[in-house]
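Architecture and fold: a report
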Amino acid sequence: MPAKRERWSREFSRWFDWVLEEAGIYDYGRYPVKGMGVWLPYGFQIRRRVIELVRRVLDGAGHEEVLFPLLIPETLLRRESEHIRGFEGEVYWVAHGGSEPLDVRLALRPTSETSISYMESFWIKSYKQLPRRFYQIVSIFRYETKATRPLIRLREVTTFKEAHTVHASFEDADRQVAEAIELYKRIFDELGIPYAVSRRPEWDKFAGAVYTVAFDTVMPDGRVLQIGTVHHLGQNFTIPFEVRIQLPDESLDYAWQTSYGLSDRVIASLIALHGDDRGAALPPAVAPIQVVVVPIPARGEEQARRLEEYIGEVEERLRRLGLRYHVDRREEVRPGRKFYEWEARGVPVRIEAGPKEAETRTLVVARRDTLEKTVVKLEELEEKLPGILEDVARGLRERAWSWLRSKVKRVEGVEEAGRAIEEERGIVELPWCGNEECGKRLEEEVDAAVLGSPLERPEWVRGKRCPVCGRPAVTSIRLAKTY
Ligand SMILES: Nc1ncnc2c1ncn2[C@@H]1O[C@H](COS(=O)(=O)NC(=O)[C@@H](N)CS)[C@@H](O)[C@H]1O
Ligand SMILES: [Zn+2]
């Protein structure tokens, strides 16, 4: 019977703070700058493996990793008017070098379209060089005014993967948006994180984008977290930054761009959505320790020696399997306490071995997701353990997807939408005529944010009418309380 999820959902924020600390993942709230925290060793291991996964997916899809300066001169940041309008209030400025006031203020990058476009104007001259797909994994800084939260809303976003691509046509950039969406699906699927993909409404897209597609997930408290975004930037940055290319017909035009970002929120959502009241439950792919072995103390010298020998045989097999494992030999800690600690840290599989198991040459194998225990013969460990780890990965993914599906609700009318959000949070979907005024009216009347519309026209709206204006629905509109 899987662990309970009372605290996990009813008091998510407190649960999340508790897990980050109890599992030694992230130290938040003590560092004396609001919105900035410390990655602790165990959490840093998780983060490292998530980054490795992101690199593997992007490098495998023709992306080139780069590293741009942190500081962006105000003159560059201001060159794209919509962009600066969108970020004006969130930029940290450096105004002095030592005691010297700087003649041009330097921004701590809030994102890097401006610095990257500026350099592309020197590098890129012809369609023959395109497409180029750069990315960097860096810290960005945003002076967030809404409530800051560990990993969810930071002022220093320490794990910000930003990809920036350049193309010879609008259509090619469009194709890159579609590819970026597929790459994000692969990353989230590998981590078992469920998502809804929506095209953001015109009035809430990235500052400087032609259009924005976002990945949203529903957190344990029912509020929606944007966990990734893909933007078609058109020529909005290449024009002010003069990134001109020669086309096949020798004419000159400005290049076309996309950008797409992930952040620490990917780690926040994998901890949150796979967790339960006992703590984290990590997908084996990114778990620092995939298997923890807890010896059950023996009585008497002879038994202890035999058990130690037996544990050695278990280790040998885990080593041969190439798994990340740990044997918890702490004398001063009882097995029950060890179970508690390693469950809080989300170790996917625990192996218990005591005198009885040494005697019968068996092992007790416990899954972290369902908590179920099975007895496995030592001889069969190498054959069975990889499958059990795969079962845990699948179990976590399926549990998270059924959670998300349970939090997406189709409704017909505005009142029903308002009630659903009020009572259950999650995402509500309504038929929509596609008209901006109706969308904005819905935001007010439902008292929730518009996430946007599905990329493909949903069948179920056929024959239905917009609840605001009564015109035929052409798509659906999704609303939610968001972070
Ligand atoms: N303050 C924040 N703390 C944690 N994650 C954040 C924060 N602000 C944004 N993010 C995450 O970063 C992703 C990309 O940010 S963004 O503003 O939407 N898009 C960009 O900055 C584009 N330049 C693509 S890299 C968002 O989808 C969101 O998941
Ligand atoms: Zn309407």
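Since this is a predicted model, take the numbers as computed values, not measurements.

Procedures and definitions
Counting starts from 1 at the beginning of each chain's written sequence and moves along it residue by residue. The naming scheme follows written order: chains are lettered A onward, ligands numbered 1 onward. Under the rules for a predicted model, residues below a pLDDT of 70 receive no local features and side-chain atom pairs below 80 are neither given nor counted, while totals for whole chains, interfaces and linings still include all residues. Excluding hydrogens and water, the side-chain figures rest on all heavy atoms present in the structure. Axis definition: a line fitted to C-alpha atoms, over the contacting stretch in the case of helices. Angles run 0 to 180 degrees between N-to-C directions. Starting at the N terminus, helices and strands are each numbered in turn, a helix being any DSSP run of H or I of at least four residues and a strand any DSSP run of E of at least two. Note: crossing handedness is left-handed where the near helix turns anticlockwise from the far helix by less than a right angle, and right-handed where it turns clockwise. When checking whether two residues touch, look at their non-hydrogen atoms; a contact exists if any pair is within 4.5 Å. One heavy atom suffices: a residue is near a molecule or strand as soon as one of its heavy atoms comes within 4 Å of it. Polar contact criterion, stated in full: a pair of N or O atoms within 3.5 Å, where within protein one must be able to donate a hydrogen and the other to accept it, and residues adjacent in sequence count only if both atoms are side-chain atoms. Surface accessibility follows the Shrake-Rupley procedure with a 1.4 Å probe radius. Residue values consider only the protein chains on display as shielding. The residue classification treats Ala, Val, Leu, Ile, Met, Phe, Trp, Tyr, Cys and Pro as nonpolar and Asp, Glu, Lys and Arg as charged. All others, Gly included, are polar. Aromatic contacts are taken between Phe, Tyr and Trp rings whose centres are within 6.5 Å, Trp giving its six-membered ring; a plane angle under 30 degrees counts as stacked, one over 60 as edge-to-face, and the others as tilted. Each residue is assigned to one of three classes by its accessible area relative to the maximum for its type, calculated with a 1.4 Å probe on protein chains only: buried under 20%, partly exposed between the two thresholds, exposed over 50%. By definition here, charges over rings are those cases where NZ of Lys or CZ of Arg is within 6 Å of the ring centre and within 35 degrees of the ring normal. What marks off one domain from the next here is an automatic or database domain assignment. Summed over both partners, the accessible area lost on bringing two parts together, with a 1.4 Å probe, is the buried area. Only one rule defines a salt bridge in this text: a Lys or Arg side-chain nitrogen within 4 Å of an Asp or Glu carboxyl oxygen.

Right, let's get into the packing of helix 3 (residues 41-59) against helix 7 (residues 170-191). Relative orientation of the contacting elements helix 3 and helix 7 amounts to 145°, with a least axis distance of 10 Å. Like other packed secondary-structure pairs, helix 3 and helix 7 cross with a definite hand, here right-handed. Packed against helix 3, whose contacting residues are Val50, Leu53, Val54, Val57 and Leu58, the element helix 7 presents Leu183, Arg186, Ile187, Glu190 and Leu191 at the interface.

Bringing the site of ligand 1 into the picture now. For ligand 1, the set of nearby residues contains 21 residues, the closest of which are Thr111, Glu113, Glu144, Thr229 and Ser263. Between ligand 1 and Glu113, the relevant distance is 2.6 Å, taken from a nitrogen atom to a side-chain nitrogen or oxygen of the residue. Separating a nitrogen atom of ligand 1 from a side-chain N or O atom of Glu144 is a distance of 2.7 Å. Surface burial for ligand 1 is 96%, taken as the share of its 590 Å² of free accessible area covered by protein chains. Counting only elements with at least two residues in the shell around ligand 1, the list comes to strand 8 (156-167), strand 11 (224-234) and strand 14 (256-262). Broken down by element, the residue count for the shell around ligand 1 peaks at five residues, all from strand 11. Its residues assigned to classes, the shell around ligand 1 comprises seven nonpolar, eight polar and six charged.

This part is about the packing of aromatic side chains. The tally for this structure, following the rule as stated, stands at 19 aromatic pairs. With a centroid separation of 5.1 Å and 75° between ring planes, the pair formed by Trp8 and Trp403 is classed as edge-to-face. Placement of the pair is Trp8 in helix 1 (residues 6-10) and Trp403 in helix 12 (residues 381-406), with a sequence separation of 395 residues. Classification of Trp8 by relative accessible area gives buried; the value is 2%. Each ring, one from Tyr118 and one from Phe122, has its centre 5.2 Å from the other, and the planes form 85°; the classification is edge-to-face. On the criterion of helical spacing, the pair formed by Tyr118 and Phe122 is a turn pair, its members being four residues apart in helix 6 (residues 113-123). Through a chain of ring-to-ring contacts, the aromatic side chains of Tyr184, Phe188, Tyr195, Phe215, Tyr260 and Trp401 assemble into a single cluster. A cation sits over an aromatic face here: Arg105 above Trp93, 4.0 Å from the ring centre. One residue, Arg199, lies across the ring of Tyr211, its end atom 4.1 Å from the ring centre.

Domain boundaries assigned for the chain yield domain 1 (6-274), domain 2 (291-386) and domain 3 (410-480). On a C-alpha basis, the centroid separation for the pair domain 1 and domain 2 is 41 Å. Each side of the interface is counted separately: domain 1 has six residues, and domain 2 has six residues. Of the roughly 570 Å² buried between domain 1 and domain 2 on both sides combined, carbon and sulfur atoms contribute 48%. If you sort the residues of domain 1 by the area they bury against domain 2, Glu22, Tyr42 and Arg49 come out on top, with a joint share of 69%. For the pair domain 1 and domain 2, the number of links is zero salt bridges. The tally of links from domain 1 across to domain 2 stands at one residue pair in polar contact (both at pLDDT 80 or more).

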